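Letter by letter, the chains look like this.
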Amino acid sequence: MPDVGLLSRTHGGAPPGLLDFSSPSNPLGPPADLISYVLGCAAEGVYSSYPTWLYRDLYESLSSFLGFDQEQLVPLNGAAEALSLAPLVLQARSLVVVEPNFGDHEAMARVLGIDLRRALLTREGSSFTLDVDDVIKEASQAPKPLVVIISRPNNPTGYLAPISVIDDLSSRLPRDSILIVDEAFIDLSPGPALRPREDLVILRSLTKAFSTPGLRLGVLATANLRLLEKFVSALQAWPVDSITACAFSRFLRDERARRHVEEGARLVQSERPRLSRGLRKAGAEAYEGEAPFVMIRHDAVQNPLFQQGLVKRGIYVRDCSSFYGLGPSFSRVSVRKPPENDRLVRAVSEVLAYGPR
Ligand SMILES: Cc1ncc(COP(=O)(O)O)c(C=O)c1O
């Protein structure tokens, strides 16, 4: 793998053998039925042709699963694909990102030679909030055209911007701005999710909803068909591979798909507060939020020692030092099943009490 220096990227994902709290998704793991469809599609040899013909089925299934018109969506190679494409497609001269946030925006801005501006979420005690004025200020000063990116819920803080905040933001953005609301984790939060509309682009992630990050499938949706067409024109010919397209087109029609996501979201809702309480008792500050992960602050033992201490105990968490606006005292932990969460709390408690040994 090339060492790309400035362009190197930091993402979650545990080394083999460790319990992975670093890449959040549905805590129930991948559904058995989906795996059966993957095996079935592979046995049929769908990989021996380009996936084009499968997209008709995929469009239908995604449309009925998400409740979006087929004409207003496009399947992607994960939500991440749209984040990388957006500045190119829109020929943006600047990006405004609500930070801290997931994404390779810094690398993108550098390689495209465009402006990157940041509007930081505001910390209020143990939670975060967005001051729309901050984004508008950056957007007003930024060269146009402009892409504005916000994740909802936000990764890594867990802050879920109410739809009224998105409405306010959208209505005040300068002309020649496109607002992208990255709802990669919305299925696992209390929501509600946005519906396709003219004034913004929504991103959704099936990899998060079904805990299958290796089966790359995301969705871009908007009622602005001119904009949708631009994205479609810029996509590579086959953004989703044949096996993923085949398996998801079949599985998403299955009532069990919806149930899996709903049960995962319920588990997050019940476990998140319990995990946060445990982490606070263990000596960390745990931030409020509505996502399948919790951001914590651990001043007593900072990263990389904090992460190393957990690795010694068989656990891998996301060191948040690489997120803009955060430092070595912050980490993000996924919400998993109760016994796993208990194991994390015990390990955090030991690391904070005795150091990384
Ligand atoms: C906020 C956010 N958006 C998008 C993605 C990428 O999702 P996908 O796997 O669908 O590309 C991630 C991955 O962690 C994320 O955290």
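1. Some points on helix H11 (residues 305-312)
Phase 1: For H11, every residue scored as buried is listed here: Phe 306, Gln 307, Gly 309 and Leu 310. Within H11, the buried residues cover an arc of 160 degrees as seen down the axis, which keeps them to one side.
Phase 2: Check the buried side of H11 and you find it contacts strand S12 (293-297), strand S13 (315-316), strand S14 (318-319), strand S15 (330-334) and helix H12 (338-354).
Phase 3: Looking at the residues trailing H11, positive phi occurs at Gly 314, about 80 degrees.

2. Notes on the site of the ligand
Phase 1: In the vicinity of the ligand, the contacting residues are Gly 78, Ala 79, Ala 80, Phe 102, Asn 155, Asp 182, Ala 184, Phe 185, Ser 205, Thr 207, Lys 208 and Arg 216.
Phase 2: The side chain of Asp 182 places a nitrogen or oxygen atom 2.5 Å from a nitrogen atom of the ligand.
Phase 3: A distance of 2.7 Å separates an oxygen atom of the ligand from a polar atom in the side chain of Ser 205.
Phase 4: Protein chains bury 92% of the 400 Å² of accessible surface belonging to the ligand in isolation.
Phase 5: For the ligand, the cavity whose grid points lie within 2 Å of the majority of its atoms is the largest pocket.
Phase 6: Those elements giving two or more residues to the shell around the ligand turn out to be helix H3 (79-89) and helix H7 (206-209).
Phase 7: The residue makeup of the shell around the ligand, split by class, is five nonpolar, four polar and three charged.

3. Overview of the domain arrangement of the protein chain
Phase 1: For the protein chain, the assigned domains read domain 1 (12-27 + 258-354) and domain 2 (32-253).
Phase 2: The gap between the C-alpha centroids of domain 1 and domain 2 is 24 Å.
Phase 3: Facing 29 residues of domain 1, the contacting portion of domain 2 comprises 30 residues.
Phase 4: Carbon and sulfur atoms make up 63% of the surface buried where domain 1 meets domain 2, a total of about 2400 Å² over both sides.
Phase 5: Broken down residue by residue, the surface that domain 1 buries against domain 2 is led by Val 261, Glu 290 and Tyr 324, which jointly contribute 26%.
Phase 6: Linking domain 1 with domain 2 are zero salt bridges, by the criterion used here.
Phase 7: Linking domain 1 with domain 2 are seven residue pairs in polar contact (both at pLDDT 80 or more).
Phase 8: Only helix H10 (255-281), strand S11 (285-286), S12 and S15 provide two or more residues apiece to the side of domain 1 that touches domain 2.
Phase 9: A per-element tally of the side of domain 1 that touches domain 2 places H10 first, with eight residues.
Phase 10: Among the residues making up the side of domain 1 that touches domain 2, the classes are represented as 15 nonpolar, seven polar and seven charged.

4. Observations concerning the packing of helix H1 (residues 32-43) against helix H9 (residues 242-251)
Phase 1: Two numbers describe how H1 lies on H9: the axes approach to 8 Å, and their chain directions differ by 130 degrees. With respect to H9, the element H1 is oriented oblique. The chirality of how H1 crosses H9 is right-handed. Contacts from Asp 33, Leu 34, Tyr 37, Val 38, Cys 41 and Ala 42 of H1 reach H9 at Ile 243, Cys 246, Ala 247, Phe 248, Arg 250 and Phe 251.
Phase 2: For the contact of H1 with H9, the residue count by class is 10 nonpolar, no polar and two charged.

5. Description of the nonpolar core
Phase 1: One finds Leu 130, Leu 179, Leu 206, Phe 210 and Phe 248 to be the most contacted residues of the largest nonpolar core, which totals 60 residues.
Phase 2: Apart from residues no more than four positions distant in its own chain, Leu 130 is found in contact with Val 98, Leu 121, Val 135, Ile 150, Tyr 159 and Val 165.
Phase 3: Core analysis: the next-biggest nonpolar cluster, separate from the first, contains 24 residues, Leu 76, Ala 79, Leu 95 and Leu 220 among them.

Rules used in this analysis
Residues numbered from 1 in each chain as written. Predicted model: local features only at pLDDT ≥ 70, side-chain atom pairs only at ≥ 80, totals over all residues. Heavy atoms only, no water. Buried < 20%, exposed > 50% of the residue type's maximum accessible area, 1.4 Å probe, protein only. Helix = DSSP H or I, 4+ residues; strand = E, 2+ residues; numbered from the N terminus. Arc of directions from axis to C-beta. Contact = heavy atoms within 4.5 Å. Near = heavy atom within 4 Å. Polar contact = N/O pair within 3.5 Å; in protein donor to acceptor, adjacent residues only side chain to side chain. Areas by Shrake-Rupley, 256 points an atom, 1.4 Å probe, with all protein chains shown as cover. 1 Å grid on protein atoms, 1.4 Å probe; cavity = no way out; pocket = protein on both sides within 12 Å on 5 of 7 lines; lining within 4 Å. Sits in = over half its atoms within 2 Å of the grid points. Nonpolar A, V, L, I, M, F, W, Y, C, P; charged D, E, K, R; others polar. Domains from an automatic or database assignment. Buried area = accessible area lost by both parts, 1.4 Å probe. Salt bridge = Lys/Arg side-chain N within 4 Å of Asp/Glu carboxyl O. Axes fitted to C-alpha atoms, helices over the stretch in contact; angles between N-to-C directions. Parallel < 35°, antiparallel > 145°, perpendicular 65-115°, else oblique. Left-handed = near helix turned anticlockwise from the far one by under 90°. Core = buried A, V, L, I, M, F, W, Y, C linked by side-chain atoms within 4.5 Å.

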